[in-house]
Amino acid sequence: MVATVLGEFGAEVIKVEQPGIGDPLRTWGEQKDGIGLFWKSTSRNKQCVTLDLRKSDGQDLFHHLLSESDVVVMNNRPSALAAWGLDYESVHRAHPQIVMLHMSGFGQGGPKSDRPGFGTQAEAMSGFAHVTGQSDGPPTLPPFFLADGVAAQSAAVAVMVALYHRDLHGGVGQLVDVSLIEPLARLVETATLAFSHKGIVPGRVGNMLPASAPRNAYATADGKWVAISGASPNIARRLFRCIDRPDLSDNPEFSDPVRRQANAHELDGIVAAWIVTRSLDEAMAIFERADVAAAPVYDAEQLLADEHMRARGMFMELPDPDLGTMTVQSPVARLSETPGVVEFLGRNLGADNEAIFGGLLGLDTARLEVLRSTGTI
């Protein structure tokens, strides 16, 4: 995912996959006509080549690619990289200017460094799952690639910092070491701060938030949901007027933010009782007129149809040779001078072997045929 972000803003990305097998991501999630939809989107702008890094000639060819590159992104276990001669020390000796991003489940330097690790382990060990879910329910894992996505955003920033150091400050390449656990743990740092300084182990509180009250997802009369945050005093007072309880603004138990948090469950019940007697459209109309921080809880269909998201161009339609026209999310960051671009969606396995090995690296037809015959590409 980190290469996806970089590729949207001008990086030429070469995706290296195992011949005949490819990245498992190709088959994850929902498929259409046997083609993974998530693969198509997350592999946007990536040129796809096949290369067997277990073979010596495959490693030689990979080093040839490195000589033409600024950044290499690896997600293999350290022991596998060492066995292939592609650990950071070996790569740095041969290519001192390259920035090597190593993303792994546990990161380097600890006793678990070589263990297999995926987003699920990170979501569990980071503390995220422990604080997510209802108070009387089990720890809750997200049904999407949360840890991978959060780590990718952190890694993309780190790669740009490393390139800035190299290119603007006369530095050399360096190792960027990112585990899947630590970026997500940073987001739930309030839990470790509470324990470290007060001996408190925060538990699950459902959709509530200890730092804000009221804050929850509330059922409406027509079976839908609305999410509300009363984090600021002004927003809370507007909400109290909307639900016909202006008296709460003068009640010290609810007017003061700290006391509101202490009485969050009582306040939550008052808000829920008002909302459940109204439809989602009715409640949202009242909240929007009063400038209350409220939002409908969308499913995918509603998100795609939202007029604000459509006005911002949050989603885009692109032609694809395999699936026709596909709707995918646009690049997230909006840059006024250098906007992100999606030129094409995920390609077939080895689709760019000729262009990269023949064009970029200059291998002739005879050499390419030998590499194919030996299964190296």
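Structure's up top.
First things first, this report covers the structure right here in the doc. (Residues numbered from 1 in each chain as written. Predicted model: local features only at pLDDT ≥ 70, side-chain atom pairs only at ≥ 80, totals over all residues. Heavy atoms only, no water.)

**Here we look at the environment of Val 172**
Looking at where Val 172 falls in the secondary structure, it is placed in the loop between helix H8 (146–168) and strand S7 (175–179). Along the backbone, Val 172 and Glu 182 are 10 residues apart, and their C-alpha atoms lie at a distance of 26 Å. (Helix = DSSP H or I, 4+ residues; strand = E, 2+ residues; numbered from the N terminus.)

**Some words on the packing of aromatic side chains**
Here the structure, examined in full by the defined rule, presents 3 aromatic pairs. With a centroid separation of 4.9 Å and an interplanar angle of 40 degrees, the aromatic rings of Phe 38 and Phe 145 are classed as tilted. In this pair, Phe 38 sits in helix H2 (residues 37–42) while Phe 145 sits in the loop between helix H7 (128–131) and H8, placing the two residues 107 residues apart along the sequence. Classification of Phe 145 by relative accessible area gives partly exposed; the value is 32%. Taking NZ or CZ as reference, Arg 347 lies 3.7 Å from the ring centre of Phe 344, over its face. (Phe/Tyr/Trp six-rings, centres within 6.5 Å; stacked < 30°, edge-to-face > 60°. Buried < 20%, exposed > 50% of the residue type's maximum accessible area, 1.4 Å probe, protein only. Lys NZ or Arg CZ within 6 Å of the ring centre and 35° of its normal.)

**Some words on the sheet that holds strand S9 (residues 225–229)**
Taken in spatial order, the 3 strands of this open sheet run S8-S9-S10, and their pairing is antiparallel. For this open sheet the edge positions go to strand S8 (215–219) and strand S10 (294–296), each flanked by a neighbour on one side alone. The mean angle between the axes of side-by-side strands here comes to 20 degrees, regardless of whether they run parallel or antiparallel. Helix-sheet contacts for helix H15 (residues 280–290) involve S9 and S10, and the interaxial angle to S10 is about 155 degrees. (Pairing = 2+ DSSP bridges. Axes fitted to C-alpha atoms, helices over the stretch in contact; angles between N-to-C directions. Contact = heavy atoms within 4.5 Å.)

**Some thoughts on the nonpolar core**
Within the largest apolar cluster, 24 residues are counted, with the highest numbers of intra-cluster contacts made by Val 2, Leu 101, Met 103, Ala 155, Val 176, Val 178 and Leu 184. Mapped onto this core, the elements with two or more residues apiece are helix H1 (2–8), strand S6 (99–104), H8, S7 and helix H9 (181–187). The leading source of residues in this core is H8, at 10 residues. Those residues in contact with Met 103 that lie beyond four places of it in its chain are Val 2, Met 74, Asn 75, Ala 151, Ala 152, Ala 155, Val 178 and Leu 180. Counting 23 residues, the second-largest nonpolar core is a separate cluster that includes Leu 66, Tyr 88, Met 100 and Leu 361. (Core = buried A, V, L, I, M, F, W, Y, C linked by side-chain atoms within 4.5 Å.)

**Brief notes about the packing of helix H11 (residues 233–242) against H15**
Orientation of H11 relative to H15, taken along the N-to-C sense of each, is 135 degrees, at an axis distance of 10 Å. Comparing their axes, H15 and H11 come out oblique. Crossing of H11 over H15 shows right-handed handedness. For the pair formed by H11 and H15, the contact residues are Arg 238, Leu 239 and Cys 242 on the first element and Ile 286, Phe 287 and Ala 290 on the second. (Parallel < 35°, antiparallel > 145°, perpendicular 65-115°, else oblique. Left-handed = near helix turned anticlockwise from the far one by under 90°.)

**Quick notes on the pairing of strand S11 (residues 315–320)**
Direction of pairing for S11 relative to strand S12 (residues 324–329): antiparallel, over a ladder of 6 bridges. Each residue of the ladder has a partner; that of Asp 320, found in S12, is Gly 324. A loop of 3 residues connects S11 with S12, the two strands running antiparallel in sequence.

**Here's the deal with the environment of Asp 352**
Relative to the helices and strands, Asp 352 resides in the loop between S12 and helix H18 (353–360). With relative accessibility at 6%, the residue Asp 352 sits in the buried group. Contacts of Asp 352, omitting those with residues within four sequence positions, involve Lys 46, Gln 47, Cys 48, Val 49 and Arg 347.

**Considerations on the pattern of salt bridges**
Within this structure, the stated rule accounts for 16 salt bridges. Residue Glu 189 pairs with Arg 186 through a salt bridge whose shortest N-O separation is 3.4 Å. Notably, a salt bridge pairs Glu 354 with Arg 372, separated by 2.3 Å at the nearest N-O pair. With Glu 354 in helix H18 and Arg 372 in helix H19 (residues 365–373), this pair connects stretches of sequence that are 18 residues apart. On the basis of relative accessible area, Arg 372 is assigned to the partly exposed category, the value being 33%. Look at the salt bridges and you will find they share partners, linking Lys 40, Asp 320 and Asp 322 into a network. (Salt bridge = Lys/Arg side-chain N within 4 Å of Asp/Glu carboxyl O.)

**Here we look at the sheet that holds S7**
The 3 strands are arranged S5-S6-S7 in an open sheet whose pairing can be described as parallel. Across the chains shown, the open sheet's two edge strands, defined by having one partner strand only, are strand S5 (71–74) and S7. This sheet shows a mean twist of 15 degrees between the axes of neighbouring strands, independent of strand direction. Strand direction decides the pairing type here: S6 and S7, joined by 5 bridges, are parallel. Looking at the pairing, Leu 101 lines up with Val 176 of S7.

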